[in-house]
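Coordinates in review
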Amino acid sequence: GDSVTQMEGPVTLSEEAFLTINCTYTATGYPSLFWYVQYPGEGLQLLLKATKADDKGSNKGFEATYRKETTSFHLEKGSVQVSDSAVYFCALRGDYSGTYKYIFGTGTRLKVLA
Amino acid sequence: EPEVTQTPSHQVTQMGQEVILRCVPISNHLYFYWYRQILGQKVEFLVSFYNNEISEKSEIFDDQFSVERPDGSNFTLKIRSTKLEDSAMYFCASSGDKANYGYTFGSGTRLTVV
């Protein structure tokens, strides 16, 4: 079945450092891919998405490119801030009719130090 | 910005009791979902709901669980005869378009079964 694999956390960075959180997936067809962020004590917020190969999703300085050839959707940010400290979830929605569910990775906790 | 509202934010219940978790999705959304996140673990799909019926459910969503849209605004998850392992954060979500949009999640209800 479909699955999402994320790099283990926690990831600890200094402010202004470059961030990469790896995400790879297994799915048939062309799933839609998403990154969600969960700040402490809050729910899940959509950060960015991509619905087809080579699409780049971007938001708030974060970017991720849908790479069909490597089945990856790595999250990047050029300069992290303390306020980016959160848990980041990669997710996919399968490409077959009748499915609505998202499959989430295990989440990667990011801690940014001032 | 429109929000998905969940109540209560935290519920404590005795093992064996029934609980109802409540959600108010975004008003013009048509697809509704419940997910759960056991502490420190991944976010898991429970059920999706469209046109007043369940459209998809996971193996977790057994006879202990039920969902209902009792009026035009609320979407509820009922858990009968709660068990200790039902303790988790339960997230409601809604979407207007199942194909391309990300969900909007509520901030969750933390259920603690004692």
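Before any of the text, the structure's been laid out above.
In this report, the structure presented in the accompanying data block is examined. Computed from a predicted structure; not experimentally measured. (Residues numbered from 1 in each chain as written. Chains lettered and ligands numbered in written order. Predicted model: local features only at pLDDT ≥ 70, side-chain atom pairs only at ≥ 80, totals over all residues. Heavy atoms only, no water.)

Topic: the pattern of salt bridges
Enumeration over the complete set of coordinates arrives at four salt bridges over all chains. Between Glu63 of chain A and Lys56 of chain A there is a salt bridge, with the nearest N and O atoms lying 3.6 Å from each other. Between Arg36 of chain B and Glu44 of chain B there is a salt bridge, with its nearest N and O atoms 3.2 Å apart. (Salt bridge = Lys/Arg side-chain N within 4 Å of Asp/Glu carboxyl O.)

Comments concerning the pairing of strand β8 (residues 62-65) of chain A
Residues and elements named next belong to chain A. Where strand β7 (residues 56-59) meets β8, four bridges bridge the pair, whose relative direction is antiparallel. Counted as the bridge partner of Asn59 is Phe62 from β8. Here β7 folds back onto β8, and the loop between the two strands holds two residues, one of which, Lys60, carries a positive phi near 55 degrees. Bridge analysis of β8 against strand β9 (residues 75-77) gives three bridges, and the strand direction is antiparallel. Opposite Ala64, over in β9, you have Leu75 as the bridge partner. (Pairing = 2+ DSSP bridges. Helix = DSSP H or I, 4+ residues; strand = E, 2+ residues; numbered from the N terminus.)

Comments concerning the sheet that holds strand β3 (residues 19-21) of chain A
All names here are of chain A. One open sheet accounts for four strands, arranged β3-β9-β8-β7; its pairing is antiparallel. Either end of the sheet is taken by a strand with one partner, and the two such strands are β3 and β7. Going from strand to strand, the sheet's axes swing by 15 degrees on average, the running direction of each strand aside. (Axes fitted to C-alpha atoms, helices over the stretch in contact; angles between N-to-C directions.)

Re the environment of Ala17 of chain A
All names here are of chain A. Looking at the secondary structure, you find Ala17 in the loop between β2 (11-14) and β3. For the pair formed by Ala17 and Val80, sequence separation is 63 residues and the distance between their alpha carbons is 5.7 Å. Those residues in contact with Ala17, other than ones at most four positions away along the chain, are Lys77, Gly78, Ser79 and Val80. (Contact = heavy atoms within 4.5 Å.)

None of this, on its own, says anything about what the molecule does.
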